[in-house]
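Chains, contacts and geometry: an overview
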Amino acid sequence: MIAAAAAEAHNAGFPLLSAMVLLPIVVAAVIALIPRNRTDIIKVVGLLGSVATGILTIVALVDFDTHAAGFQFVTQHVWIKEFGVSWKLGLDGISLFLVVLTGVLFPIALAGPKVKRDVKSYIAWMLVLEGACLGSFLALDLLVFFLFFELTLVPMYFIIAGWGYENRVYASLKFFLYTLFGSAFMLVGLVALVFLSTKGGNPLTFDLVTLADRQALAADTARWIFLAFAIGFAVKVPLFPVHTWLPDAHTEAPTAGSVILAGVLLKLGTYGLVRFGLYLFPKASVDLAPLLLTLAVIGITYGALVATVQRDLKRLVAYSSVAHLGFIVLGTFAFTSQGLSGGILQMVNHGLSTGALFLLVGMIYERRHTRQIAELNGLQKTMPVLAAVFMVVMLSSVGLPGLNGFVGEFLILLGTFVTHRWWAVVASTGVILAAVYLLWAYQRVFHGEPSEENRNLPDMTWRERGVMLPLVGLIVFLGVYPKPVLDRINPAVEHLIQHVQDHSDYRQPGVSAKHEVVDE
Amino acid sequence: MIAALLSQVAQNDQLPPLRVPQVEYKAMVPELVLMGAALLLLLIASLNRRRPPVGSYATFTAVAGVVAGVASWQQWRDVADHGAYRAVANAIVVDGFSAFFLLLISVTVVLGALVSDSYLRREELDGPEFYVLLMLTAAGGMFMGAANDLIVVFLGLEILSIALYVLTAFHRRRLESQEAAMKYFLLGAFSSALFLYGIALVYGATGSTNLVEIGAYLAQNVIVSNGLLLAGMGLLLVGLGFKVGAVPFHMWTPDVYQGAPTPVTGFMAAASKAAGFAALLRVFFTTFGLMRLDWQPVIWAVAVLTLVVGSTLALVQSDIKRMLAYSSISHAGYVLIGLQAGTSRGVAGSLYYLLAYTFMVLGSFAIVTLVGRRGDALHDLDNYRGLASRRPGLALAFTVFLMAQAGIPFTTGFLAKFYVITAAVQAHSYAIALIGMLAAVVAAFFYLRVIVVMYTPTGDADDDAEVAALPRLRLPFGTGVVLAVTTAFTIAFGIVPQPMIDFATEASRRLLF
């Protein structure tokens, strides 16, 4: 009903995407004006704000033209004339589901875990974060993207530092500085790209599409600038040598913070690599693909191995993210339609399953006040519902066929195998290791007889079940019937691969439908 | 020698009469407003034996600042409509660049007076003298911005500096204040002497002290052995580099910033730095513009040193004023990046940076003034512990300033860094652009450290009792106005950047030559 009404409003020239970005930020400003002790009103306003934003993203999904490859709902306003910067937002198959994921995860994160102190600031920061995330996914102007990309740091920093666990100050600072370090390279690269693209009398612009079409850089320069971008995104993803902030930040963040960090913020890195790496520097990214593929494979195996030996359940999930994000990068730099589609689908999958895992770990922590695997046992007996939900989510993360994780990982491995066989072979060990660490952890935490401390824990409340329901529903739905999602992702992916082929000597090897069946 | 002098005296009546240039007072209205207001205030205060109503000195100064600002704005409009011109025998210039700095310094006078008001009463130092000196400092700074002659630059520099030495020592009962003033005076006197010697050498090399004439001379003549000129330029750089706190001429900054009364520190960081850069940019970018290839490497080295030393030494400070002093050094490094680019965009970037910086730094020091409490002594980082729970508004405002100084998006601070980095990249100085951004990462660490401290409650029971024993921080009206203006500026023009970017760009375009 509401969605239909909003869809009509959109057809009448409603700036849907701008509204998506600004609504949560405006609601955050409204919350700032509500007195601190009226937490009831603040909670309702905050939740309504993020639900309304979620509805806007669903409207975009409904209105989205499935078979179009280009950007849709584009809005553009000049912002800084001097630099050719404009407020330009748009949506295509690559960003569509990340936007919807953001719209879905934020209300869940707000409704799920309870926060004890300073509810007002917490909800205001969460909403600012939502606006910043949506802004990053929607921006089609390099500077606007960078601004939102950087802006996400501030609310996330405050959420970790303000509502996190014991070591929160260290973790939040590390998170902030690591990302800022990467961004330093990215900003210089970005400005260099923009100015070098003015060669031959072209006007100064930060417009993504214009710059991608211009391709004015010499191959060597493009490689350097691509590297500058890659450093910025690699820290965010995070890729292997610069991943060390992630376990700390995820472990120390409050539950909702971890959900958003893993579910949405990490995707900024992988999304950035696709949108700004491949699109702006097709040739350089083909040239440097082996480097990124290697780092991705190292991340997959290293993340999985380290996850296996973790004693803290949350840290284990955090390291599993390093491995999963490695898969996404692998698919991205395989330069095949399957790999890239799988990578984008896997971004959504990882957001759903890891977000759900963090919520579940948070629920266990709220009851038991520990995350040490050694101290947890037999929870299946005390909390059967939670155990069942955990099982489904965990299996999705492992990549069990029939759940969403399988579809993404399979496409990625398939797509990579065609062009980079040995990387795919090594990466597939990551799938096995994922089964090892997750099943083993599940076994230790949920199986057996509960000890004295674990005996009298309440099972999931109805509220918690309500929070988990959409996530589990999506996990199953995407596993059984991913077609509607892939249908919307594929045109944009084909378009991007074509763009890469147009601007480099790379040619995608033909993979017929028959081959796929044989490989399977 | 003496005989020669005597013979000159004897021939005195044969010398041509001294020619007094025509003085176009219209070209110096803002400066004259402040000087006149300073003298008037001194006169009224000495004639009037009764104590005037509370806050009247500050109000008078703020009004004078506003009038000077309006006059500067008038000059800006005038230049926009009729073009730039020179006056007073070419010693003074009225162009967009000078009007920009006149406006900026007028703003610092208004905001500085508003912060000082409650401070001076709190410290029982209230009196007209402080404001007289404040206005004279500002007038000196304005002359530096409008100077078209090295001698006028020097005059402005001295008016500014001497008044500032006294202001630094103004807290009579604080030993640090006296010590800081002494250090500032001794080092400042040296730097002035070097600057003066630089003028002499440049005069020797080019035959003029007039900025336009020096430029014209250099354009028309090829100086085969330019050692004299280069030495002169170097000494000018030392003198002005001292004023803006560029490394290696920064040694005074932490001590003086820490020792000076806090509102003076804020004013010094804003007005004195702006004036120094006004002269530095004009002299190097326009007058010595043709010598670009000679000074660019030097400015490059100074800028890099300034960035690196400023941001790394700030890391280890536990005194907030010292930390902000080192941070102001690193800010000077960014302004130098703009100059180093040696392009019009670079100068525009530097101007925008100074504009953004002025508001951020005035706001920051306004908060430090408040938290310092009576005695102006509580400047340790620990005194900020738990500020967010006691005064959430103040903590939030300080967070905005610190985040802006760190260069977080949607603040003027980000755009300032972006602007100078852009200029450097456009001039293909990639290395310095990258160094600047990495220095910003280091700097973010110590800004965040303060924010962390403000938002963590005191853990120690003794500390809690100590804090509880202190009276609740009161936010005086004047300081409140300053904080509102500076935060609003920092955020609003971070979101709607066009007006201020236009302002800085126009100012750089309307440089006279």
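Look a little higher up for the structure.
Residues numbered from 1 in each chain as written. Chains lettered and ligands numbered in written order. Predicted model: local features only at pLDDT ≥ 70, side-chain atom pairs only at ≥ 80, totals over all residues.

**Observations regarding the overall build of chain A**
- Broken down by element type, chain A carries 24 helices and 2 strands.
- The C-alpha atoms of chain A give 22 Å as radius of gyration, which agrees with the globular expectation for 520 residues (24 Å, within 12%).
- Once the C-alpha set of chain A is aligned to its principal axes, its extents read approximately 75 × 60 × 45 Å.
- Taking all 520 residues of chain A together, the buried fraction comes to 59%.
- Long-range pairs, those at least 24 residues apart, make up 81% of the contacts in chain A between residues at least 6 apart in sequence. (Helix = DSSP H or I, 4+ residues; strand = E, 2+ residues; numbered from the N terminus. Rg over C-alpha atoms; globule rule 2.2 N^0.38 Å. Buried ≥ 20, exposed ≤ 12 C-beta atoms within 10 Å, placed from the backbone. Contact = placed C-beta atoms within 7 Å.)

**Side note on the overall build of chain B**
- Of regular secondary structure, chain B possesses 21 helices and 2 strands.
- Compactness check: chain B gives a C-alpha radius of gyration of 23 Å against a globular reference of 24 Å for 513 residues, within 12% of the reference.
- Viewed in the frame of its principal axes, chain B has a C-alpha envelope of about 80 × 60 × 50 Å.
- Classification of the 513 residues of chain B by burial places 60% in the buried group.
- In chain B, the share of contacts with a sequence separation of at least 24, taken over all contacts with a separation of at least 6, comes to 81%.

**Observations regarding the interface of chain A and chain B**
- If you look at the interface, chain A gives 22 residues, while chain B gives 24 residues.
- Looking at the side of chain A that touches chain B, the elements with two or more residues in it are α6 (142–151), α7 (153–163) and α8 (168–196) of chain A.
- Here the side of chain A that touches chain B gets 12 residues from one element, more than from any other, and that element is α8(A).
- Its residues placed into classes, the side of chain A that touches chain B shows 18 nonpolar, 1 polar and 3 charged. (Nonpolar A, V, L, I, M, F, W, Y, C, P; charged D, E, K, R; others polar.)

**Some thoughts on the pairing of strand β1 (residues 72–80) of chain A**
Residues and elements named next belong to chain A.
- For β1 and strand β2 (residues 85–91), the ladder comprises 6 bridges, and the chain directions are antiparallel. Along β2, the bridge assignment pairs T75 with L89.
- Hairpin connection between β1 and β2: a loop of 4 residues separates the two successive antiparallel strands, and G84 in this loop has a positive phi of roughly 65 degrees. (Pairing = 2+ DSSP bridges.)

**Thoughts on helix α13 (residues 320–341) of chain B**
Residue and element names in this part refer to chain B.
- Compared with an ideal rise of 1.5 Å per residue, which puts 22 residues at 32 Å, α13 spans 32 Å between its outermost C-alpha atoms and is within 8% of the ideal.
- By the criterion of burial, α13 is predominantly enclosed, with 22 of the 22 residues buried.
- A positive backbone phi angle near 65 degrees is found at G342, which sits one or two residues after α13. (Expected span 1.5 Å × (residues − 1).)

**Observations regarding the packing of helix α19 (residues 404–419) of chain A against helix α20 (residues 421–446) of chain A**
Residue and element names in this part refer to chain A.
- Two elements in contact, α19 and α20, have axes separated by 8 Å at closest approach and are oriented at 155 degrees. It follows from the interaxial angle that α19 and α20 lie roughly antiparallel. Residues E409, L413, T416 and F417 of α19 form the contact with α20, whose participating residues are R421, W423, A424, A427, S428 and V431. (Axes fitted to C-alpha atoms, helices over the stretch in contact; angles between N-to-C directions. Parallel < 35°, antiparallel > 145°, perpendicular 65-115°, else oblique.)

**Overview of the nonpolar core**
- One finds V188(A), L330(A), L360(A), L34(B), M135(B) and Y352(B) to be the most contacted residues of the largest nonpolar core, which totals 406 residues.
- Broken down by element, the residue count for this core peaks at 20 residues, all from helix α18 (residues 430–455) of chain B. (Core = buried A, V, L, I, M, F, W, Y, C linked by C-beta atoms within 7 Å.)

**Thoughts on the packing of helix α16 (residues 337–368) of chain A against α19(A)**
Residue and element names in this part refer to chain A.
- Two elements in contact, α16 and α19, have axes whose closest approach is 8 Å; the angle formed by their N-to-C orientations is 155 degrees. As far as their axial angle goes, α19 and α16 are roughly antiparallel. As α16 runs across α19, the sense of the crossing is left-handed. Contacts between α16 and α19 pair Q338, G339, L340, S341, G342, G343, L345, Q346, N349, L352 and S353 from the former with N404, G405, V407, G408, E409, L411, I412, L414, G415 and T416 from the latter. (Left-handed = near helix turned anticlockwise from the far one by under 90°.)

**Here we look at helix α2 (residues 16–33) of chain A**
Residues and elements named next belong to chain A.
- For α2, which comprises 18 residues, the first-to-last C-alpha distance of 26 Å matches the rise-based estimate of 26 Å (1.5 Å per residue) to within 8%.
- The largest bend along α2 reaches roughly 35 degrees and is located at L22, with the proline P24 sitting one to four residues downstream.
- Buried residues of α2: L16, L17, M20, V21, L23, P24, I25, V27, A28 and I31, and no others. (Bend = angle between axes of the 7 residues up to and from the residue.)

So far we have only geometry, and geometry alone does not tell us how the molecule works.
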